[in-house]
Each structure stands twice: as C-alpha cells, then as structure tokens.
Amino acid sequence: MKTDPAQKLLPKWWDPDRIALLLPKLRARNQILSVIKDWFRSEEFIEVETPVLQDSPGLEPHLIAFQTTLLEPFSASGSTKYLQSSPEYAMKKLLVAGMTKIFQVARCYRNAERSMIHHPEFTMLEWYRSGATWRQTANDTEALIKAAASLTGRKEVNFKNNLCDLRKPFDYLSVTEAFLKFAKIDLRLSLIDPNFPDRSKLAKMAKDSGIRIENEDSWEVIFDRILIEKVEPKLGLGRGTVLHDYPLPLAALARGSSDDPRVAERFEVYICGVELANGFGELSDPVEQRQRFESDLKKKKALGMAVYPIDEDFLAALEVGMPNSSGVALGLDRLVMLLVGAKCIQDVIWAPVITDS
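Residues numbered from 1 in each chain as written. Predicted model: local features only at pLDDT ≥ 70, side-chain atom pairs only at ≥ 80, totals over all residues. Heavy atoms only, no water.

Colleague: Report on helix H7 (residues 286-302), specifying residues and quantitative values.
Modeller: Helix length check: H7 (17 residues) gives 24 Å between terminal C-alpha atoms against 24 Å at 1.5 Å per residue, within 8%. Burial in H7 covers these residues: Pro286, Gln289, Arg292, Phe293, Asp296, Leu297 and Lys300. Considered in projection along H7, the buried side chains sweep an arc of 140 degrees and stay on one side of the axis. Projecting away from the buried face of H7 at angles above 90 degrees are the exposed residues Val287, Lys298, Lys301 and Ala302. Summarising the contacts, the buried residues of H7 are in contact with helix H2 (88-96) and helix H8 (312-320). Backbone nitrogen of valine 287 and a side-chain oxygen of the N-cap are separated by 2.9 Å at the start of H7; the cap is aspartate 285. Two residues or fewer past H7, glycine 304 is found with a positive phi of approximately 75 degrees. (Helix = DSSP H or I, 4+ residues; strand = E, 2+ residues; numbered from the N terminus. Expected span 1.5 Å × (residues − 1). Buried < 20%, exposed > 50% of the residue type's maximum accessible area, 1.4 Å probe, protein only. Arc of directions from axis to C-beta. Contact = heavy atoms within 4.5 Å. Polar contact = N/O pair within 3.5 Å; in protein donor to acceptor, adjacent residues only side chain to side chain.)

Here it is, written out as structure tokens:
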C-alpha cells in the first residue's frame, strides 16, 4: 500500500512540539485522576485491579473486540482470550466475593472505534456500591464530576459551542420524557409489550419526526437513530443531564424497574451532548442474565458481527448470589477532554494508538 505523501508531514505522537503543545492538558489529566482517587478514598472505596484478558469481552451487538491467544508454559495449545471492553464482569465477581465499595481505573479496548470522542484503547473509571440504588450512584457521578472540575477551576464547559454550567444541579430526565420533548415521539406506544417492542409503530413515529428509516432497521436501530439525531445533542446543555429509565429492550445488564415494567434501572450522564457515563441498578438474576446474553448473541449473528462466548464464570457467580448493587462506568478521557477544553479525545491521551497505513 502506498503512503499518502501528505501523511509524512504529520508529526509522530512523540514529536517534541506536539508533546510541548499538549503538556498542560496532559498534566491536568494526571491531576484530575489524583483528585478522583482521593474522592473515592474519602468515600471509603477500595481500589481494585482485575485482568485485562477476559473469557468474554462483552456481548453488545455492535461490539468488535480485540482477540488473542493465551499460551501456558510447555503447553501445545492455547486458549482464546479477549481484551476487556469493560472490567464489569470481573468487578461484579468481587461483589459476590464480599466487597462492598470498589473502584477501578482500567484500560479498555474496542476495535473499529475512532472519532473526536472515541479511541480504540481508552481509560474507563468504573465503580460499584452494594446496597445502593441507581440514584445514589448517579449522585456519585455528579459529585465526582464536580470535584474534578473544581481542580481545573472550570465552572462552565464549552464543547462544540455547547455550554454546560457545572455549578448547577444535574437535571433528571427519563428516556420517555426526552423523546417526547426533543423528537415528539411517544416511546410508550411501541412498548405495549416490552419484550416484543413494536418496530412498525416506532418506525412510523420516527419518519414523522424526519428520521430516515430503512426496511431492515430493527426497533433497536431506530431507537438509536432517534437518540443520536434528535435527543443526544440536546442533553447536558446548560446543566448536566442524567438520562434514566431506559426501555427494557435496552436494559443491558440493568435490572427491570419495580415502578414500570417497560423500563430498566439504567442511566447515562451527559455534558454538552457528550455521553460521559453509563450506569445500572445491577441485574443479579442468573436466569434472566443468561436469556439476555443469548438474545444479544442472536442480534450479533443477525447483524453479521463476530460472536463471542458467554462468560460462564460470571453466571456462576450470580448463581452464588450477588447483593443488590449499583454501578457505573465513566469515560475518563472524555471527562478530561471536556474539563481542559480539548477539541478531541486524542489531545488528552499521552500516547494514542496510531494507524500505520
């Protein structure tokens, strides 16, 4: 493959001028991480470390993982392992083991993901509380973001000409409320039976709202398109937004809501239209969790995506019994990017992964 001559003019990530230009932001990254760890210690969390190599990288339908082979000494064959997309399974096993308040700063990996706010290797901040509700963990997230912001002296975030005042309390908005407010779509009409969402009803409402729909688009694909085009750009403007009560078909690893059978205890936190965190009131039922894993595998096959194994050890841990818990994963790189005024996630990563071509 021939190299574009213009590419040779671009500096290497280790170019002294590049590092000098970004050094204030990179130093701020280190300081923000220090403040975050101090916050967790003040709340009596224990920092943990779990393996990056996992039996399953996660089963989200669109996830593309990094795969490798683990060789043992003197062994003729190896076992397939995956670089983690999140430390979630391993950390929940620690909850089963009796840990009650844990956090981790973890290197995570997702292939085929690169944009202003995505990077194939990134840093995830993840934490869990046993005995806590999802709202308590959402409160943790708000407090943590504001503690990190106080270090930088930044009272207001400006990203892509969107402003968010971090001094104001975060706004809580259900997914149903957000779709009605920003897309004029009533999701409830397509969730009469949440286990079998009505694709045709959602498709009609989406078309009426000006969303392009293809015949092969599933209910989930249509939902995502509405969210990305109509809803997400409006979240976290003026003040942070906690988007909560996701439809049950998008529960992921969250338990169903006791207040409304159509939704799950899942929430996401937005600043300036950027998703920073994804949290759950955690599902602990091994039977339901297996059913969700199997459903995700069917979706991956239907999409022609690579299929990964179910983490049977995780399901075995749930059989032993995981306490009622809540947890959240926050993109550390994205948080730093917003708090230091960077335009791109790569500007707050010390050594980004660069394509050789």
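Colleague: I'd like a description of the pattern of salt bridges, backed by residues and values.
Modeller: Scanning the model with the defined rule gives 25 salt bridges in all. Here arginine 41 and aspartate 38 are joined by a salt bridge, their closest N and O atoms 3.4 Å apart. You can see arginine 41 and its partner aspartate 38 sitting in helix H1 (residues 16-42), three residues apart, about one turn around the helix. Arginine 41 gets classed as partly exposed once you look at its relative accessible area, which sits at 48%. Residue arginine 129 is joined to aspartate 140 by a salt bridge in which the shortest nitrogen-to-oxygen separation is 2.6 Å. Here aspartate 140 lies in helix H3 (residues 134-152) and arginine 129 lies in strand S6 (residues 121-130), a separation of eleven residues in the sequence. Considered together, arginine 129 and aspartate 140 belong to a single accessibility category, that of buried residues. (Salt bridge = Lys/Arg side-chain N within 4 Å of Asp/Glu carboxyl O.)

Colleague: Give a description of the sheet that holds strand S2 (residues 53-54) that names residues and reports values.
Modeller: Judged by pairing direction, the sheet is antiparallel, and its three strands sit side by side in the order S2-S4-S3 without closing on themselves. Of all the strands in the sheet, the pair left with one neighbour each is S2 and strand S3 (67-70). Pairing analysis gives four bridges linking S3 to strand S4 (residues 79-83), with the strands arranged antiparallel. In the sheet register, leucine 70 faces S4, and the bridge partner there is serine 79. (Pairing = 2+ DSSP bridges.)

Colleague: Which residues make up the sheet that holds strand S5 (residues 101-109), and what values do they have?
Modeller: Overall, mixed pairing links the eight strands, which are arranged S1-S5-S6-S13-S12-S11-S10-S9 in an open sheet. At either end of the open sheet lies a strand with only one pairing partner, and these are strand S1 (46-47) and strand S9 (171-174). Across four bridges, S9 lies against strand S10 (residues 241-247) in parallel orientation. What sits directly across from leucine 173, in S10, is leucine 243. On top of the sheet, H2 reaches S5, S6, strand S12 (274-281) and strand S13 (325-331); it is set at about 25 degrees to S6, its chief contact. (Axes fitted to C-alpha atoms, helices over the stretch in contact; angles between N-to-C directions.)

Colleague: So what's going on with empty space enclosed by the protein? Which residues, and what values?
Modeller: On inspection of all chains with the given rule, the structure shows one cavity of 30 Å³ or more. Taken as a whole, the largest cavity holds about 30 Å³ of empty space. Lining the largest cavity are Ile145, Val157, Leu166, Ile271, Leu276, Leu335, Leu338 and Leu339. Looking at which element gives the most residues to the lining of the largest cavity, the answer is helix H9 (residues 332-339), with three residues. (1 Å grid on protein atoms, 1.4 Å probe; cavity = no way out; pocket = protein on both sides within 12 Å on 5 of 7 lines; lining within 4 Å. Points joined across faces, edges and corners; volume = space filled by probe spheres on them.)

Colleague: How would you sum up the environment of isoleucine 345? Please name residues and give values.
Modeller: Of note, isoleucine 345 is situated in the segment after H9. Note on isoleucine 345: relative accessible area 3%, which makes it buried. Residues isoleucine 345 and lysine 201, spaced 144 residues apart in sequence, show a C-alpha to C-alpha distance of 37 Å. The residues touching isoleucine 345, leaving out its near neighbours within four places in the chain, are Ser115, Met116, Ile117, His118, His119, Asp333, Arg334 and Met337.

Colleague: Please set out the packing of H2 against H8 residue by residue, giving values where relevant.
Modeller: Interaxial distance between H2 and H8 falls to 9 Å at its minimum, and their mutual angle equals 25 degrees. In terms of their interaxial angle, H2 and H8 are classed as roughly parallel. As H2 packs across H8, the resulting crossing turns out to be left-handed. Taking contact as the criterion, the partners of Tyr89, Lys92, Lys93 and Val96 in H2 are, on H8, Asp313, Phe314, Ala317 and Val320. (Parallel < 35°, antiparallel > 145°, perpendicular 65-115°, else oblique. Left-handed = near helix turned anticlockwise from the far one by under 90°.)

Colleague: Could you give me a rundown of the packing of aromatic side chains, with the residues and numbers involved?
Modeller: What characterises a pair of aromatic rings is the spacing of the ring centres plus the angle enclosed by the ring planes. In total, this model carries 14 aromatic pairs according to the counting rule given. A ring pair is formed by phenylalanine 66 and tyrosine 109, whose centres lie 6.4 Å apart and whose planes are at 80 degrees; its orientation type is edge-to-face. Here phenylalanine 66 is found in the loop between S2 and S3, whereas its partner tyrosine 109 is found in strand S5, with 43 residues between them in sequence. On the basis of an interplanar angle of 50 degrees and a centroid distance of 6.3 Å, the ring pair of phenylalanine 293 and phenylalanine 314 is categorised as tilted. Highlighted residues: phenylalanine 293 in helix H7 and phenylalanine 314 in helix H8, separated in sequence by 21 residues. Look at phenylalanine 314 and you get buried, because its relative accessible area is 1%. One Lys or Arg, arginine 266, reaches over the ring of tyrosine 246 and ends 4.4 Å from the middle of that ring. (Phe/Tyr/Trp six-rings, centres within 6.5 Å; stacked < 30°, edge-to-face > 60°. Lys NZ or Arg CZ within 6 Å of the ring centre and 35° of its normal.)

Colleague: Go over the side chain of arginine 129 with me, naming the residues and quoting the values.
Modeller: The class of arginine 129 is buried, set by a relative accessible area of 15%. Excluding its chain neighbours within four sequence positions, the residues that come into contact with arginine 129 are Glu43, Phe45, Thr100, Lys101, Asp140, Asn324, Ser325 and Ser326.

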